[in-house]
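# What the coordinates show
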Amino acid sequence: MISTITPTSSLREINFAMNSIGGKERLREKIFRGERVTPEEGVSLFEWDIPALGQAADMRRAMRVPGSEAGFIIDRIINYTNVCTAKCRFCAFHARGGVIDPYELSLDDILEKVEGLVEIGGTQVMLQGGLHPDYGLDRYTGMLRAVRDRFPDVYLHSFSPAEIVHLSGKTGMSCGDVIGEMKEAGLNSIPGASDLLVDRIRREVSPRKMTVAQWCDVMRALKSHGMGSTATMTYGMGETPAERIEHLDVVRSIQDETGILRAFIPWSFSPARTMLTHIVPATGVDYLKIVAIGRIYLDNIPYIQAGWLTEGMKLAQIALAMGANDMGGVLMEEVVVKATGITTRTNMDEMIDLIKNAGKIPVRRDSEYRAVEIYRD
Ligand code: SF4
């Protein structure tokens, strides 16, 4: 904490404050030299104000990815079932007796939704669902094959580490073998779906979901198959600043080891309609700090996503000036966040305007972050 010097401050208070200011200045210079930040320094960044953090994060963004481009992709999330054995306390999506009815999509339902995406020029499908107790590996590979056979050009960025761990447990196969079968059936990559990589929090909010070590194992297995992923961060579930850095440190370490993470995507936890309604939602200031500190701390990840879906369009525009350089998907369909009561929507034209109005150059990209079209005018 940086103390304030007042006319009545003691010599000891003045010395402490001067040391704090000196420490902040040394850290600022270290960041501007492009050096790696330690976990202790990462925690101290939460004490910085927004302008100072934003300037440092944008400098780091320019060092890692020069230019003024901000990307987006046209994609569709298809939530094939909300039946889930994990019943995470932070989740508003899964079926619960008397609250949310269970559903399952048929293969025809799924193909119809993919067709709708292709018709508007979309390129990426995210098949995501609960951990259904009756679904074996065949059910997953069946979905992949059905989409791959009919839409060979669609990129399948689908399922999640939790689904891989769940299937590994059900089948007795290793995570690597499960992923190998899915790759064979047409899977291209798997979203990181990391929640918060802090076991203390996971034991409280999602004890039946995978552990941090299992998430890391899935990342290593993806690496062995030459497949990419992303890292997300769901914050605001009662964690401390040190635990937020603990999450970032797991992500940075696994990226040092594997190099498979294309992007970091933070979003705030929305307590409405979950089993954690007593939690006070994180603020916009919290969000901007997470984006900026994520950019500074994750010196090995090129793309940081601005979360328009959960944080709103205007905050996402500000995030583009504070280290973010991607707006994620123009989602054709989204159910999980919508279940919390958030109904933000957009389309391609609006996305292009939003990025331009934030002073950036919109780039429609593919799933591997290659430019498809650049909108300069
Ligand atoms: S977050 Fe995922 S694993 Fe947890 S209850 Fe919801 S659908 Fe199931």
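Note: the structure precedes this text.
Report follows, based on the coordinates. Everything numeric in this text was worked out from a predicted model, so none of it was measured. Once a new chain begins, its residue numbering starts again from 1 and follows that chain's sequence as written. The model is predicted, so local features are restricted to residues of pLDDT at least 70 and side-chain atom pairs to those at 80 or more, both for listing and for counting; the totals for chains, interfaces and linings are taken over all residues. The basis for every side-chain value is the complete set of non-hydrogen atoms in the structure, without hydrogens or water.

## Overview of the overall build of the protein
What counts here: What counts as a helix is a DSSP run of H or I of at least four residues, what counts as a strand is a run of E of at least two, and both are numbered from the N terminus. Each residue is placed in one exposure class: buried if its accessible area under a 1.4 Å probe, protein chains only, is under 20% of its type's maximum, exposed if it is over 50%, and partly exposed if it falls in between. Whether two residues touch is decided by their heavy atoms; if any such pair falls within 4.5 Å, the residues are in contact. Each accessible area is a Shrake-Rupley estimate made with a 1.4 Å probe; only the visible protein chains count as cover when residues are assessed. By the counting scheme adopted, Arg and Lys are positive, Glu and Asp are negative, and His together with the chain ends is not counted. To locate a charge, the coordinates of NZ of Lys, CZ of Arg, CG of Asp or CD of Glu are taken.
Looking only at helices and strands, the protein has 14 helices and nine strands in total. Expressed as a percentage of its 377 residues, the buried residues of the protein come to 56%. The long-range fraction of contacts in the protein, counting pairs at least 24 apart against all pairs at least 6 apart in sequence, stands at 74%. Here the protein displays about 16100 Å² of accessible surface, and carbon together with sulfur accounts for 52% of that area. Of note, the protein has its 43 positive side-chain charges centred 3 Å away from the centre of its 49 negative side-chain charges.

## Let's talk about the pattern of salt bridges
The cut-off we apply is this: What makes a salt bridge here is a side-chain nitrogen of Lys or Arg within 4 Å of a carboxyl oxygen of Asp or Glu, nothing more.
Within this structure, the stated rule accounts for 21 salt bridges. A salt bridge links Arg28 to Glu25, with the nearest nitrogen and oxygen atoms 3.7 Å apart. Here Glu25 and Arg28 lie together in helix α1 (residues 11-32), a separation of three residues that amounts to about one turn. A relative accessible area of 35% means that Glu25 is categorised as partly exposed. Asp195 is the salt-bridge partner of Arg202, the closest N and O atoms lying 3.9 Å from each other. This pair shows no difference in class: Arg202 is buried, exactly as Asp195 is.

## Observations concerning the nonpolar core
Convention followed: For our purposes a nonpolar core is just a set of buried Ala, Val, Leu, Ile, Met, Phe, Trp, Tyr and Cys residues, chained together by side-chain atoms within 4.5 Å.
Formed by 111 residues in total, the largest nonpolar core has its most connected members in Ile110, Leu127, Phe159, Met182 and Met327. When neighbours within four sequence positions are excluded, Leu127 is seen to be in contact with Ile78, Tyr80, Ile110, Met143, Leu144, Leu156, His157, Ser158 and Phe159.

## Let's talk about the packing of aromatic side chains
To keep things clear, this is the line we draw: Aromatic rings from Phe, Tyr and Trp, taking only the six-membered ring of Trp, are treated as a pair when their centres fall within 6.5 Å; an angle between ring planes under 30 degrees marks them as stacked, one over 60 as edge-to-face, and anything in between as tilted.
Under the counting rule described, the total for this entry stands at eight aromatic pairs. Here Phe72 and Tyr375 contribute two aromatic rings whose centre-to-centre distance is 6.2 Å and whose plane-to-plane angle is 25°, an arrangement assigned as stacked. Taken together, the residues span a long stretch of sequence, with Phe72 in strand β1 (residues 69-79) and Tyr375 in the segment after β9 (371-374) at a distance of 303 residues. Residue classification places Tyr375 among the buried residues on the basis of a relative accessible area of 14%.

## Comments concerning the layout of surface pockets
Stated precisely, the cut-off is as follows: Here the term cavity refers to a set of points on a 1 Å grid, laid over the protein atoms alone, in which a 1.4 Å probe fits but cannot get out; the term pocket refers to an open set having protein on both sides within 12 Å along at least five of seven lines, with lining residues being those that place an atom within 4 Å of a point. Grid points are joined across faces, edges and corners, and a volume is the space filled by probe spheres set on the points. Classes in brief: Ala, Val, Leu, Ile, Met, Phe, Trp, Tyr, Cys and Pro nonpolar; Asp, Glu, Lys and Arg charged; the others, Gly included, polar.
Roughly 150 Å³ of volume is contained in the second largest pocket. Along the wall of the second largest pocket there are 15 residues; nearest its centre are Glu69, Gly71, Tyr303, Asn325 and Val363. Within the residue set of the lining of the second largest pocket, elements represented by two or more residues are β1 and β8 (361-365). Here the lining of the second largest pocket gets three residues from one element, more than from any other, and that element is β1. Class assignment for the residues of the lining of the second largest pocket results in seven nonpolar, three polar and five charged.

## Digging into the side chain of Gln124
One can find Gln124 in strand β2 (residues 124-128). Excluding residues within four positions of it along the chain, Gln124 makes contact with Ile73, Ile74, Asp75, Arg76, Leu117, Tyr155, His157 and Ser367.

## Points about the pairing of β2
So the rule is basically this: Strand pairing requires that DSSP identify at least two bridges connecting the strands.
Of all five residues in β2, five are buried; the element is thus mostly enclosed. Going residue by residue along β2, you find Gln124, Met126 and Gln128 tucked away on one face and Val125 and Leu127 tucked away on the opposite face as well. Pairing geometry for β1 and β2, over five bridges, is parallel. Residue pairing for β2: Asn79 is matched across the bridge by Gln128.

## Structural notes on helix α11 (residues 284-297)
Applied cut-off: Expected helix span is computed as 1.5 Å times (number of residues minus one). Polar contact is defined as a pair of N or O atoms within 3.5 Å, subject to the rule that within protein one atom must be able to donate a hydrogen and the other to accept it, and that residues adjacent in sequence are counted only when both atoms are side-chain atoms.
When the terminal C-alpha atoms of α11 are compared, their 20 Å separation across 14 residues agrees well with the 20 Å that a helix rising 1.5 Å per residue should span. All of the buried residues in α11 are Tyr287, Leu288, Lys289, Ile290, Val291, Ala292, Ile293, Gly294, Arg295, Ile296 and Tyr297. For α11, the N-terminal capping position is held by Thr283, with its side-chain oxygen 3.3 Å away from the main-chain nitrogen of Val285.

## Points about the sheet that holds strand β6 (residues 303-304)
Which entries qualify depends on this criterion: Between N-to-C directions, angles span 0 to 180 degrees; the directions come from axes that are lines fitted to C-alpha atoms, helices contributing only their stretch in contact.
A sheet is described by the order of its strands in space; here three strands give the open sequence β4-β5-β6, paired in parallel fashion. Bordering the open sheet on either side are β4 (229-235) and β6, each of which pairs with just one other strand. Judged from the two bridges that link them, strand β5 (residues 261-268) and β6 form a sheet pairing that is parallel. Within β6, the position partnered with Phe264 by the bridge is Ile304. Contacts from helix α10 (residues 241-258) reach β4 and β5 within the one sheet, and its direction differs from that of β4 by about 175°.

## Some words on the environment of Ser160
Here Ser160 lies in the loop between β3 (155-156) and α6 (161-171). By relative accessible area, Ser160 is classed as buried at 9%. For the pair formed by Ser160 and Leu27, sequence separation is 133 residues and the distance between their alpha carbons is 36 Å. In contact with Ser160, not counting residues within four places along its chain, are Ile190, Pro191 and Ala193.

## Regarding the packing of helix α9 (residues 212-224) against α10
Put simply, the test is: Any angle from 65 to 115 degrees is called roughly perpendicular, while one under 35 is roughly parallel, one over 145 is roughly antiparallel, and all others are oblique. If you view the pair so one helix is near and one far, a crossing is left-handed when the near helix is turned anticlockwise from the far one by less than a right angle, and right-handed when it is turned clockwise.
With their axes 10 Å apart at the nearest point, α9 and α10 run at an angle of 25° to one another. On the basis of their axis angle, the class for α9 and α10 is roughly parallel. Considering how the two elements wind past one another, α9 and α10 form a crossing that is right-handed. On α10, the residues touching Val212, Trp215, Cys216, Met219, Arg220 and Lys223 of α9 are Val250, Ile254, Glu257 and Thr258.

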